[in-house]
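# Structural overview
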Amino acid sequence: MSQRTERRGIHVDQSDLLCKKGCGYYGNAAWQGLCSKCWREEYHRVRQKQIQDDWALAEKLQREEEAAYASSHGAQAQSTATQPHTGHTSLGPFSKFEEKKTNEKTRKVTTVKKFFSPSSRTATKKETQESKTPSPSISRRISFDTDQVTKDFVDFLKSLQKPGREIHKQCRTFIVNMSGKKDLGADELSECVQDFYQNMADRLMSHFKGSSESVEQVMDQVEKYIMTRLYKSVFCPETTDDEKKDLATQHRIRALHWVTIQMLCVSMDEEIPEVSENVVKAITDVIEMDSKRVPRDKLACITRCSKHIFSAIRITKNEPASADDFLPALIYIVLKANPPRIQSNIQYITRFCNPSRLMTGEDGYFFTNLCCAVAFIEKLDAQSLNLSPEEFERYMSGQASPRFNSSEGEWPHTDPALGATAANPVLAQINHNLELLSGLCSRQETLMEDAQSLQADLLSWPNNVQREVNDILEKYPLEILSRTVSAIDANNMDNDHLPPPLTPQVFAG
């Protein structure tokens, strides 16, 4: 119990998000904590060292081969000198030795060449990738998107006139060259794209005479055009294990479904309607990231998600959110959303996004925090949630679900009688809905009873009316008196009251 008397929370120093080389830019876990600039320098240095080591190994193998050849040749010459000359009889073993020697040298040269050729490592993957064919509906959608992006790119370049035509030509040439490099690994593809970005940015900088805003605007359009055309071949390539990482992360998040907002010390109250709305929007944005094809658009989804999180925290605390509040909330959103192909999307942004966006600005900051959140989820343990190892294992195996008790000093604002229901807004909402359903069931039963009673009354009403009519007829019988009809000129007393007949009168004209 003493292990949980103090709540530590999740805290990440601002300095932990920066490049380990101390250049001041944001680092990335995929680049071993370095920024894109330092990572490329380190990558080039390691690559050059690997090439030098490969050449040294090749030279060593060649020297050993030459020494073995000289030794074998000397021994063969000595044995030939001691034997009597028998014409061409001794040429057989020597020719076999030469043939064997040639085969060994050919094999070693082939081995050395493999050190410098990436195709040997990716041949199987290449065949597998070529055998994959998308469905017709997906192909039509991709073709439509590509055509629309191409049209928008051409319309944008028209405003640049001659430089625009040159940019379009270079981009098309680069795409054609990249289509012939399907056997390259993900790092080599990333290196090609980043080199193209760098060369294009340098040319644009000289053309616009140092106007970084204009250069950034053009580079955004270049990135959109290139990556839309190359998306199918460079996103989650077969030469990587991105898909395995996606599945592992997805299973990991599913196994952590029991983690509550209180365990992560998230400063958000989902009982507030505005906060709940921002949480739903944040989840929608981070899920929507997978549907985008351009790295910049994926970053925009992450930025919108992060801003909704900041809004939810600000509404809950009635004050601006801090960086210490943001990261736990982002982890909570990722756990609730379980975004599809999160690892592939992170790697895609890391490899092919314009590096200036990842090194500075709010896009780079939010993306770095997302990488930290995913890394935290992968390494999440009992100590991270202030739980005992036994509790953590029970929750992970599904043998138990979290129960919080404020009297034991665990999570505040929790009624012990309510247990996990009050601590988890989702469970509270489920219980509330169940109560509403129970009330509706009772009202439905009452309504059905009233309907049946009304039906019985309607069936008995004609009989009741008939009975009442019969009772009235029996009590007040109807008597019909007979009447005699007499002529007008009949001798009776009634005719005395009739007026006299009309007498015709004659008037003189």
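A brief report on the enclosed structure follows. Small disclaimer: the values here were computed from a predicted structure and weren't measured.

What counts and what doesn't
The written sequence of each chain sets the order in which its residues are numbered from 1. Residues qualify for local features only when their pLDDT is at least 70, as the model is predicted, and side-chain atom pairs are given and counted only at 80 or more; totals for whole chains, interfaces and linings, by contrast, use all residues. Hydrogens and waters are ignored; side-chain quantities use all the structure's heavy atoms. In this description a helix means any DSSP run of H or I spanning at least four residues, a strand means any run of E spanning at least two, and both kinds are numbered starting from the N terminus. For every residue, the accessible area obtained with a 1.4 Å probe (protein chains only) is divided by the maximum for its type, and the residue is called buried under 20%, exposed over 50%, and partly exposed between those limits. Contacts were defined at the residue level, with two residues in contact if any of their heavy atoms lie within 4.5 Å. Surface exposure here means Shrake-Rupley accessible area, sampled with a 1.4 Å probe, where a residue is shielded only by the protein chains that are shown. In this analysis, axes come from line fits to C-alpha atoms, helices being fitted only over the stretch in contact, and the angle between any two N-to-C directions falls in the range 0 to 180 degrees. Orientation categories follow fixed angle ranges, with anything under 35 degrees roughly parallel, anything over 145 roughly antiparallel, 65 to 115 roughly perpendicular, and all other angles oblique. Here a crossing is called left-handed whenever its near helix is offset anticlockwise from the far helix by less than a right angle, and right-handed whenever the offset is clockwise. Following the grouping adopted for this structure description, the nonpolar residues are Ala, Val, Leu, Ile, Met, Phe, Trp, Tyr, Cys and Pro, the charged ones are Asp, Glu, Lys and Arg, and the polar ones are all others, Gly among them. Think of a nonpolar core as a cluster: buried Ala, Val, Leu, Ile, Met, Phe, Trp, Tyr and Cys residues, connected wherever their side-chain atoms sit within 4.5 Å. Each patch is assembled from residues with relative accessible area greater than 30% and no salt bridge, linking like charges that lie within 9 Å and nonpolar side chains (Val, Leu, Ile, Met, Phe, Trp, Tyr) that lie within 5 Å. Here, a salt bridge means any Lys or Arg side-chain nitrogen found within 4 Å of an Asp or Glu carboxyl oxygen.

Let us now look at the overall build of the protein chain. Along its length, the protein chain carries 17 helices and zero strands. The burial tally for the protein chain puts 33% of its 509 residues in the buried class. A separation threshold of at least 6 residues defines the contact pool for the protein chain, and within that pool the share at least 24 residues apart is 71%. When the accessible area of the protein chain is evaluated, it comes to approximately 32,200 Å², of which 54% is carbon and sulfur surface.

Following both chains from N to C, one finds helix 9 (residues 273–288) and helix 10 (residues 295–317) inclined at 165°, their axes separated by 8 Å at the closest point. Between helix 9 and helix 10, the angle is such that the two are roughly antiparallel. Judged by the sense of rotation from one axis to the other, the crossing of helix 9 with helix 10 is left-handed. Only Cys301, Arg304, Cys305, His308, Ile309, Ser311, Ala312, Ile315 and Thr316 of helix 10 make contact with helix 9, whose side of the interface consists of Glu274, Val275, Asn278, Lys281, Ala282, Asp285, Val286 and Glu288. Across the contact of helix 9 with helix 10, the residue classes break down as eight nonpolar, four polar and five charged.

Once that is clear, we can look at the nonpolar core. Of all hydrophobic cores here, the largest spans 52 residues; its most connected members are Trp258, Leu264, Met268, Ile309, Ile333 and Leu385. Only helix 9, helix 10, helix 11 (323–337), helix 12 (342–352), helix 14 (361–379) and helix 15 (389–397) provide two or more residues apiece to this core. Element by element, the count of residues in this core is highest for helix 11, at ten residues. Listed in part, the 31 residues of the second largest apolar core include Leu160, Leu204, Val222 and Tyr225.

Turning our attention to a nonpolar patch on the surface. A cluster of nonpolar side chains, namely Val426, Leu427, Ile430, Leu434, Leu437 and Leu440, defines an oily patch on the protein surface of about 520 Å² accessible area. With respect to the secondary-structure elements, Leu427 resides in helix 17 (residues 425–475). Judged by its relative accessible area of 34%, Leu427 is partly exposed.

What the rule picks out here adds up to 15 salt bridges. Its salt-bridge partner being Lys158, residue Asp155 comes within 3.8 Å of it at the nearest N-O pair. Pair noted here: Asp155 and Lys158 are both in helix 4 (residues 136–158), with a separation of three residues, about one helical turn. Across the pair Glu288 and Lys292 runs a salt bridge, and its minimum N-O distance is 3.5 Å. Sharing partners across several salt bridges, the network here consists of Asp285, Glu288, Lys292 and Arg304.

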